[in-house]
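Now for the letters of each chain:
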Amino acid sequence: MIEALRIARDVGGSDLGRVLRTLSAFLREDAHSRAEMEARQSWTVNAARLAMAAPWVVLLLMATRSTALVAYSEPTGIVVLALGGAMSALAYWAMVRIGRLPQDERVLR
């Protein structure tokens, strides 16, 4: 908008109204597209949360059986739980990073 006003001042403002209307249409369309992308991005984040939580819920359900508790109380079971936790955290971080929206770049600073 500032650039359109600068150009209008330099070369004349006969088309300024049309330029500003076009600019406002582009900005409305951009805002609509951005809102839709943010909604889809929230789906990705929710999917990442669900994918990370699901195995741990299954593990909690398995913990109701005494044989599973015995298996995971041994050193090998503890290593499996630690690796599973690390992999879950890494996968969650990667999914959120992949689903992140790019920041709008400012033209004038």
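Refer to the structure above for everything that follows.
Each chain carries its own residue numbering, running from 1 in the direction its sequence is written. This being a predicted model, a pLDDT of at least 70 is required before a residue's local features are given, and a value of 80 or more before pairs of side-chain atoms are given or counted; all residues contribute to the totals for chains, interfaces and linings. Only heavy atoms go into the side-chain values, all of them from the structure, while hydrogens and water stay out.

A. Spotlight on the pattern of salt bridges. The rule for a salt bridge is simple: a side-chain nitrogen of Lys or Arg has to be within 4 Å of a carboxyl oxygen of Asp or Glu. Scanning the entire structure with this criterion turns up 2 salt bridges. One salt bridge connects arginine 34 with glutamate 38, and the closest N-O pair in it is separated by 3.7 Å. Highlighted residues: arginine 34 and glutamate 38, both in helix α2 (residues 16-62), separated by 4 residues, approximately one helical turn. Only protein chains enter the accessibility calculation, which uses a 1.4 Å probe. A residue is then buried if its area is under 20% of the maximum for its type, exposed if over 50%, and partly exposed in between. Note on arginine 34: relative accessible area 18%, which makes it buried. For glutamate 38, a relative accessible area of 42% gives the class partly exposed. Of the charged contacts, one joins arginine 40 and glutamate 36 as a salt bridge, the two residues approaching to 3.1 Å between their closest N and O atoms. Of this pair, arginine 40 and glutamate 36 are both found in helix α2, 4 residues apart, which corresponds to roughly one turn of the helix. Exposure remark for arginine 40: the relative accessible area of 49% places this residue in the partly exposed category. According to the relative accessible area criterion, glutamate 36 is partly exposed, its value standing at 40%. We count a stretch as a helix when DSSP gives it H or I for four or more residues in a row; a strand needs E for two or more, and each element gets its number in order from the N terminus.

B. Representation of helix α4 (residues 75-99) in the model. Multiplying 1.5 Å by the helix residue count minus one yields the expected span of that helix. Taking 1.5 Å per residue, 25 residues should reach 36 Å; α4 reaches 36 Å between its end C-alpha atoms and fits that length. Within the sequence span of α4, burial applies to Gly77, Ser88 and Gly99. Check the buried side of α4 and you find it contacts α2 and α3 (66-73). Only heavy atoms enter the contact rule, under which two residues are in contact if any of them lie within 4.5 Å.

C. Just α2, in detail. The end-to-end C-alpha distance of α2, which contains 47 residues, comes to 69 Å, matching closely the 69 Å that a straight helix rising 1.5 Å per residue would cover. Approximately 30 degrees is the largest bend angle found in α2, and it occurs at alanine 53, with the proline proline 55 only one to four residues beyond. Buried within α2 are the following residues: Arg34, Val45, Ala48 and Leu59. Those residues of α2 that are buried lie in contact with α3 and α4. Note on bend: at a given residue it equals the angle between the axes fitted to the 7 residues ending there and to the 7 starting there.

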